[in-house]
Amino acid sequence: MNSEIRQRKPEWLRIRHSSGSRAIAETNTIEMMLKELRLNTVCDEAACPNRSECFGNGTATFMIMGRNCTRNCTFCNVEKNPPVPLDAEEPQHVAEAVSRMTLRHAVITSVTRDDLPDGGAGHFKAVIKAIRQRSTSDGTNVRIEVLIPDFRGDPAALSEVVSASPDIIAHNVETVPSLYGRVRPMALYQRSLQVLQNSKALDPLIFTKSGLMLGLGEAEGEVLQVLEDLVAVKCDFLTIGQYLSPSAKHHPVIEYIHPDQFAWYREKALSMGFSHVEPAPLVRSSY
């Protein structure tokens, strides 16, 4: 990794931070609420480049089950320390935050918790139920999207999440199979495809979604094969974004992909059968 030449970011990756007084006030309000409710967001923990924009617009992606992940993916900025016990109040706190922010589309993701017997599936279910109950009480209709780990391929754990009837189940393949050993050493490409396929099989009315990063060293043909594999398991939605290395200790950026190439992948993906595709350098799976 250290032998790679660190490339300078191109113009199209410059981030325009929200700097207006309204955006700053909204960001401060959200940060205070998150602290009060003891909630984490993937916006902060994963060093998302869209954090200022989303907070400034009154949105956030909640990250449940703590800050510490049990996997060792080399692209991710989330902490790899020993996990902490689950917070039994977290489901209600997430529901409270969704209500206060008057969200119409709530995205819930998590760290991977291989230390838990069900991988945290029951906790996901509790969060979904809490949001639904609060939404009914508020008289709102919140769409719920959950971005789940692979639960080590446990079908019973996946079934637990599906039984709570989220509107969208997302699970990211992240990269092409040839890079899994360096980028996702504790994950399996086929297992991730199976999560998406089984989600759709358990409830055909639930939309499925996946995300792919570019610039890790993949070839164009490999990306197209991943798109075909996702269509084959009936994945509905797809995000494609540029990988940005969080630090020199993480997997390096091998290539910065031009926006025109993202647009080309969009046309290819739509022609293959995806219902919706969102590709751009700064697109992230929960964005």
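Residues numbered from 1 in each chain as written. Predicted model: local features only at pLDDT ≥ 70, side-chain atom pairs only at ≥ 80, totals over all residues. Heavy atoms only, no water.

1. Describing the overall build of the chain
Right, on to step 1. In terms of regular secondary structure, the chain is built from 10 helices and eight strands.
Right, on to step 2. Per-residue burial over the chain gives 52% buried out of 287 residues.
Right, on to step 3. Roughly 13,500 Å² of accessible area belongs to the chain as shown, and the carbon and sulfur atoms make up 51% of that amount. (Helix = DSSP H or I, 4+ residues; strand = E, 2+ residues; numbered from the N terminus. Buried < 20%, exposed > 50% of the residue type's maximum accessible area, 1.4 Å probe, protein only. Areas by Shrake-Rupley, 256 points an atom, 1.4 Å probe, with all protein chains shown as cover.)

2. Regarding the packing of aromatic side chains
Right, on to step 1. In this structure the tally under the stated criterion is four aromatic pairs.
Right, on to step 2. Between F124 and F151, the aromatic rings sit 6.4 Å apart at their centres with planes inclined by 85 degrees, giving edge-to-face as the arrangement. Taken together, the residues F124 in helix α5 (residues 121-138) and F151 in the loop between β4 (143-147) and α6 (155-163) connect sequence positions 27 residues apart. No difference in accessibility class separates F124 from F151, as the two residues are buried. (Phe/Tyr/Trp six-rings, centres within 6.5 Å; stacked < 30°, edge-to-face > 60°.)

3. Here we look at the sheet that holds β4
Right, on to step 1. Across the sheet, which stays open at both edges, the eight strands sit in the order β1-β2-β3-β4-β5-β6-β7-β8 with mixed pairing between neighbours. With partners counted over all chains shown, the strands left at the sheet margins are β1 (40-41) and β8 (276-279), one partner each.
Right, on to step 2. Of the strand pairs in this sheet, strand β2 (residues 61-64) and strand β3 (residues 105-110) are connected by four bridges, and their pairing is parallel. Looking across to β3, one finds that F62 is bridged to I108.
Right, on to step 3. Its contacts with the sheet put helix α4 (residues 90-100) on β2 and β3, and the angle it makes with β2 is roughly 175 degrees. (Pairing = 2+ DSSP bridges. Contact = heavy atoms within 4.5 Å. Axes fitted to C-alpha atoms, helices over the stretch in contact; angles between N-to-C directions.)

4. Brief notes about helix α10 (residues 259-272)
Right, on to step 1. When the terminal C-alpha atoms of α10 are compared, their 20 Å separation across 14 residues agrees well with the 20 Å that a helix rising 1.5 Å per residue should span.
Right, on to step 2. Every buried residue of α10 is listed here: F262, Y265 and A269. Burial along α10 is one-sided: seen end-on, the buried residues are contained in an arc of 60 degrees. Those residues of α10 that are exposed and angled more than 90 degrees off the buried face are D260 and S271. (Expected span 1.5 Å × (residues − 1). Arc of directions from axis to C-beta.)

5. Considering the environment of H105
Right, on to step 1. Mapped onto the elements, H105 comes out in strand β3.
Right, on to step 2. What makes H105 partly exposed here is its relative accessible area of 27%.
Right, on to step 3. Sequence-wise, H105 and N141 are 36 residues apart; in three dimensions their C-alpha atoms are separated by 8.8 Å.
Right, on to step 4. The residues touching H105, leaving out its near neighbours within four places in the chain, are V142, R143, E145 and I168.
Right, on to step 5. A polar contact of 3.2 Å, which involves the side chain of H105, links it to the side chain of R143.
Right, on to step 6. Here E145 takes part through its side chain, which lies 2.9 Å from a polar atom of the side chain of H105. (Polar contact = N/O pair within 3.5 Å; in protein donor to acceptor, adjacent residues only side chain to side chain.)

6. Quick notes on the pattern of salt bridges
Right, on to step 1. The full count for this structure, using the stated rule, is 16 salt bridges.
Right, on to step 2. One salt bridge in this structure joins R71 and D114, with 2.5 Å as the shortest N-O distance. Taken together, the positions of R71 in the loop between β2 and α4 and D114 in the loop between β3 and α5 put the pair 43 residues apart, joining distant regions of the chain.
Right, on to step 3. Judged by its relative accessible area of 7%, R71 falls in the buried class. (Salt bridge = Lys/Arg side-chain N within 4 Å of Asp/Glu carboxyl O.)

7. Topic: the confidence of the model for the chain
Right, on to step 1. Mean pLDDT for the chain: 90, with 87% of residues reaching 70 or above.
Right, on to step 2. Note that pLDDT drops below 50 for residues 1-5; the model gives that stretch eight contacts with residues more than four away or on any other chain. (pLDDT = per-residue confidence, 0-100.)

8. Overview of the side chain of R71
Right, on to step 1. There is a polar contact of 2.5 Å between the side chain of R71 and the side chain of D114.
Right, on to step 2. A distance of 2.9 Å separates polar atoms of two side chains, one belonging to R71 and the other to D150.
Right, on to step 3. When residues no more than four places from it in sequence are discounted, the contact partners of R71 are K80, T112, D114, D150, R152, M186, A187 and R191.

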